[in-house]
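Read off the chains here:
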Amino acid sequence: MRASVLRNGRMVCRDDVPEPAPGPGQVLVKVLACGICGSDLHFAAHGEEMLALTDEMTRGAARRDVDLNRDVFMGHEFSAAILQAGPDTETHPPGTLVTSIPVLSSAKGFEPIVYSNDTIGGYAERMLLSAPLLLPIPRDVSPQHAALAEPMAVGLHAVNKSGIAPGETALVLGCGPIGMSIIAALRLRGVETIVASDFSSKRRELAVTMGAHRAVDPAQGSPFDTVKPAVVFEAIGVPGIIDDVLRRARPGTRLVVAGVCMQADTMHPFFAIAKEINIQFVLAYGPDEFAESLRAIAEGDIDVSPLITGEVGLDGVGAAFDDLADPERHCKILVTPEA
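Residues numbered from 1 in each chain as written. Predicted model: local features only at pLDDT ≥ 70, side-chain atom pairs only at ≥ 80, totals over all residues. Heavy atoms only, no water.

## Regarding the overall build of the chain
Stated precisely, the cut-off is as follows: Going along the chain from the N terminus, every DSSP run of H or I of four or more residues is numbered as a helix, and every run of E of two or more is numbered as a strand. The globule rule used for comparison is 2.2 Å times the number of residues to the exponent 0.38, while the radius of gyration itself is calculated over C-alpha atoms. Relative accessible area decides the class of each residue, using a 1.4 Å probe on protein chains only: under 20% of the type maximum gives buried, over 50% gives exposed, and in between gives partly exposed. Here, two residues are considered to be in contact whenever any of their heavy atoms come within 4.5 Å of each other.
When its secondary structure is counted, the chain shows 9 helices and 18 strands. Compactness check: the chain gives a C-alpha radius of gyration of 20 Å against a globular reference of 20 Å for 339 residues, within 12% of the reference. Viewed in the frame of its principal axes, the chain has a C-alpha envelope of about 60 × 45 × 35 Å. Among the 339 residues that make up the chain, the fraction classed as buried is 52%. Taking contacts inside the chain between residues at least 6 apart in sequence as the whole, the part at least 24 apart equals 72%.

Shown next, in the form of C-alpha cells:
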C-alpha cells in the first residue's frame, strides 16, 4: 500500500506500507481526500520540540512512543469510503462515504490519528477508523469539502469558547487556515462585524470571501487604530503578538489564542490586569462541534470551496508542504491518494 510519511523532516512516498486489518469496532476505509494541516507543517519542522514539550506537560504519559528516527504517519483532516468492517462490528454498508474525528479505538486504548509510527493517517491509500465515531457524509457533499469539516470545527470551537454575541465586534489576527475557520464560524454564529488582519493581500481577499466584513493590512498601521473589538482571535502564533494585543486592546476585551507559538513568549501581565482582559487558549474541538461543522458544510452555511487552493497525490505531499509556506499561493492543499 502507498502512503506519504515523514522521514528525516521531509515527506516521502512509500509503496511498501503493510495493509491495515480492521479489528473489532474498526473499519477499513479508502481515503478519498485529506487536508494538509498547519500542525502537520509544525510537526515536520519542530517535531522533536513538540514531543519534548508534550513530555514535559504530561510527564511522558501522552507521547505514545513517537520515534522520529522511524517513519511517521500523519493526516487527520480526511474523508473516506468504507471497504470492510472488523470482526463483530456493526456499521454502515461498504461504499458509504464517511468522515470522523481523528481517533482510533483499539486494544491499546484510544489513539489519536495525528502523529504515529504505527497508526496510519489520511496521507495513505487506506486507513482504519473507529466504527462508533463515523459520520456519514451527506449525499450532496463532495469528499473534498467533507475533509474540511475537521479544520472548520477548530474555528467553531474557538468561537464557541469566546462567548461572542452577534452584536459584538470580532477582530481576527492572521488569515491562515485557522483564521479562515474562525471567520467562517463567526459568520455562522451571526456576528455582525468581523474584521480580519493579515499582511498577505491574497489572504485578505479570501477572508472577505469567507465572511469577514472588512480586511486590513497591518503594514499600514495597527488594526486597533480603526477597530475596537470586543473579542480578538489570535491566529498567528508568533512571539510578541499576545503582548501587543494586551497593550492595544481596550479594557474588558476577550482574547482567544488559537495560534500555536512554538517559541517561548513574553508578555506584560500589567496590561491585562489593568484592563481586566480575559485570555482564553483553545485547542481542537468536541465531537458535537465536528458534527455541526459537517452539517454547516452540507447545508451551505459554510462554503469551504474557496479555501481549497490545490490538490496533490501521495507523491506530491512533500512539495505541497513547501508550497504552503507561501501565503500568496495557497491556503489549503488536499491530498487525494488516487490522483
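Picking up where we left off.
## A few points about the sheet that holds strand E13 (residues 214-216)
Stated precisely, the cut-off is as follows: The pairing criterion for strands is at least two bridges between them, as found by DSSP. Lines fitted to the C-alpha atoms define the axes, with helices restricted to the stretch that makes contact. Angles between their N-to-C directions range from 0 to 180 degrees.
With respect to topology, 6 strands assemble into an open sheet ordered E13-E12-E11-E14-E15-E16, the strand pairing being parallel. The open sheet has two free edges, formed respectively by E13 and strand E16 (278-281), since each of these has just one partner strand. Averaged over neighbouring strand pairs, the angle between their axes works out to 20° when direction is ignored. Relative to E13, strand E12 (residues 193-197) runs parallel, the two being bridged by 3 bridges. Within the sheet, the bridge partner assigned to serine 197 lies in E13 and is valine 216. Helix-sheet contacts for helix H3 (residues 149-162) involve strand E14 (231-234), strand E15 (254-257) and E16, and the interaxial angle to E14 is about 150°. The strands touched by helix H6 (residues 241-248) within the sheet are strand E11 (169-173), E14, E15 and E16, with E15 carrying the most contacts at an inclination of about 170°.

## A short note on the nonpolar core
The criterion, for reference: To form a nonpolar core, buried Ala, Val, Leu, Ile, Met, Phe, Trp, Tyr and Cys residues must be joined to one another through side-chain atoms within 4.5 Å.
Membership of the largest hydrophobic core comes to 45 residues, with the highest contact counts inside it found for Met180, Ile182, Ile183, Leu186, Phe233 and Leu307. Beyond its immediate stretch of four places on either side in the chain, isoleucine 183 contacts Val172, Cys175, Ile194, Ala196, Ala207, Met210, Gly211 and Ala212. In terms of nonpolar packing, the next biggest core, distinct from the first, is built from 44 residues, Leu6, Val27, Ile36 and Phe78 among them.

## Comments concerning the pairing of strand E1 (residues 3-7)
With respect to burial, E1 is a largely interior element, 4 of its 5 residues being buried. Here E1 pairs with strand E2 (residues 10-14) via 5 bridges, running antiparallel. Residue pairing for E2: leucine 6 is matched across the bridge by methionine 11. Taken together, E1 and the strand that follows it, E2, pair antiparallel across an intervening segment of 2 residues, in which asparagine 8 is found at a positive phi of about 55°.

## So, the state of the cysteines
Heads up, the rule is: The term disulfide is used for any two cysteine sulfur atoms that are within 2.5 Å.
What the rule picks out here adds up to 0 disulfides. Residue cysteine 13 stays outside any disulfide, its sulfur separated by 14 Å from that of cysteine 34, the closest cysteine. Residue classification places cysteine 13 among the partly exposed residues on the basis of a relative accessible area of 35%. A disulfide-free cysteine, cysteine 331 has its sulfur positioned 9.2 Å from the sulfur of cysteine 175, the nearest such atom.

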